[in-house]
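Observations on chain architecture
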Amino acid sequence: MTTSHVTAQAPGRRSGDADTPVLEVRDLHVEFKTREGIVKAVNGVNYSVRAGETLAVLGESGSGKSVTAQAIMGILDSPPGRVAKGEILFQGQDILQLPENERRKLRGPKMAMIFQDALSALNPVYSVGNQLGEMFRVHQGMSKKDAKAKAIELMDRVKIPAAGSRVNDYPHQFSGGMRQRIMIAMALALEPDLIIADEPTTALDVTVQAQVMDLLAELQREYNMGLILITHDLGVVADVADKIAVMYAGRIVEQSPIHELYKRPAHPYTRGLLDSIPRLDQKGHELYAIKGLPPNLLKAPSGCAFNPRCPKAQDICRTDVPALLPVTETDGTELAGRSSACHFWKEQIHG
Ligand SMILES: Nc1ncnc2c1ncn2[C@@H]1O[C@H](COP(=O)(O)OP(=O)(O)O)[C@@H](O)[C@H]1O
Ligand code: SF4
Ligand SMILES: [Mg+2]
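Here the structure is a predicted model, which means the values were calculated and not measured. Each chain carries its own residue numbering, running from 1 in the written order of its sequence. Note on labels: chains are lettered from A, ligands numbered from 1, in written order. Per-residue local features are limited, in this predicted model, to residues with pLDDT of at least 70; the limit for side-chain atom pairs, both in listing and counting, is 80 or more; totals at the level of whole chains, interfaces and linings are taken over all residues. To obtain the side-chain values, all non-hydrogen atoms of the structure were included, while hydrogens and water were left out.

**Focus on the site of ligand 2**
We count it as follows: The rule for a residue being near a molecule or strand is that one of its heavy atoms must lie within 4 Å of it. In the scheme used here, Gly and all other residues not listed as nonpolar or charged are polar, with Ala, Val, Leu, Ile, Met, Phe, Trp, Tyr, Cys and Pro taken as nonpolar and Asp, Glu, Lys and Arg as charged.
The immediate surroundings of ligand 2 are formed by 13 residues, with Cys 304, Cys 310, Cys 317, Cys 342 and His 343 found nearest. Residue composition of the shell around ligand 2, grouped by class: 9 nonpolar, 3 polar and 1 charged.

And the structure:
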């Protein structure tokens, strides 16, 4: 890859001026109409990602991470799902206002998604070379021969050994880790400005997880893309993300540059997640687990949705929803990029 990929203003990129985020989600609400009632899956999410930046979105299963991603990509299961409110600005433009045929054109060349399960995301009856090549045939009108050469090049990029001889193999002939690399290659093919990777390594063995995550991080830097990395595992994102948004019950409860979050979490839920990460130096100790389960989103608890599970909960937590507010030092200095939705964030971060 040439160095032209290293700056946000590189030729051929429509990233706009460097200050405009690639993606900005504003006050997003997504709900599902079910027989039991309205499930409020996403309740006012705000986050943004710039070119060359990695945002990790963390939270237990059911917190609304994937639904937010599906709303961004325009692949929400609709009905029953619908965006009830909010804006999704892609390179400054609210894509929720675009007709479906315009949104479809963004998928592939502008934004792409990597799913957890490559085996169901890839088509079992076509060779991987065929599926990779299709990206170039359909979007760039390339000949079959050139598209195949491009497919091999991409397989090389994602470090699939002997790409030239494996290009005609089918998805099931690859290992889980190699299939995930093929999905990364598919996502990268048209050099989009944004990639959303939804639990990209969850289905893999721990050692393969790290290799795939490193590869993704390396390619993200090289292509200067915005990357949203969705995970339920705080341990997985530590080395690759710049910043993090912690989600609970469809809301962001804490935002922070990644390393500061590890040092000083400003929300009891984040504290709980950090304490549940297995540590090599604490072998034999019983691992902490946050008690209880995430709420049913048909009827989330009143006040702070985390209150039934929170060791720090007080009366106000059962009545008043805490707003996501900037976090400051004890002398009032704002901590850049940090915010918390907890009535008692001061005690959590400074206590
Ligand atoms: N197709 C659907 N129909 C009804 N409810 C759904 C649907 N998809 C997701 N949800 C609801 O949205 C919530 C958030 O889901 P999701 O974003 O997939 O969570 P996660 O954070 O694990 O990715 C789920 O708990 C579920 O209640
Ligand atoms: S607002 Fe209350 S219940 Fe919610 S996280 Fe903070 S202390 Fe816990
Ligand atoms: Mg999910």
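**A word on the sheet that holds strand β5 (residues 93-94)**
Under the convention used in this document: Pairing between strands requires that DSSP locate at least two bridges from one strand to the other. A helix here means a DSSP run of H or I that spans at least four residues, while a strand means a run of E at least two residues long, and both kinds are numbered starting from the N terminus. The contact criterion used is simple: two residues touch if any of their non-hydrogen atoms lie within 4.5 Å. Angles shown run from 0 to 180 degrees and are taken between the N-to-C directions of axes, each axis being a line fitted to C-alpha atoms and, for helices, limited to the stretch in contact.
With respect to topology, 4 strands assemble into an open sheet ordered β2-β1-β4-β5, the strand pairing being antiparallel. Sheet topology places β2 (37-49) and β5 at the edges, where each strand pairs with a single neighbour. Relative to β2, strand β1 (residues 23-34) runs antiparallel, the two sharing 10 bridges. The residue of β2 that forms the bridge with Glu 31 is Lys 40. Against the sheet, helix α1 (residues 65-73) makes contact with β1, β2 and β4 (81-90), and its axis sits at roughly 110° relative to β1, the strand it touches most.

**Comments concerning the packing of helix α4 (residues 128-140) against helix α5 (residues 144-157)**
Let me state the cut-off plainly: Each angle is binned into one of four classes, with values under 35 degrees roughly parallel, values over 145 roughly antiparallel, values of 65 to 115 roughly perpendicular, and all other values oblique. Crossings are sorted by hand: turned counterclockwise from the far helix by less than a right angle, the near helix makes the crossing left-handed, and turned clockwise it makes it right-handed.
Put simply, α4 and α5 touch, their axes get as near as 8 Å, and they point 115° apart. When the axis of α4 is compared with that of α5, the two are roughly perpendicular. The interaxial crossing formed by α4 with α5 has right-handed handedness. Facing α4, whose interface residues are Val 128, Gly 129, Leu 132, Gly 133, Phe 136 and Arg 137, α5 presents Lys 144, Ala 147, Lys 150, Ala 151, Leu 154 and Met 155. Tallied by class, the residues present in the contact of α4 with α5 amount to 7 nonpolar, 2 polar and 3 charged.

Bear in mind that shape data such as this cannot, by itself, settle questions of function.
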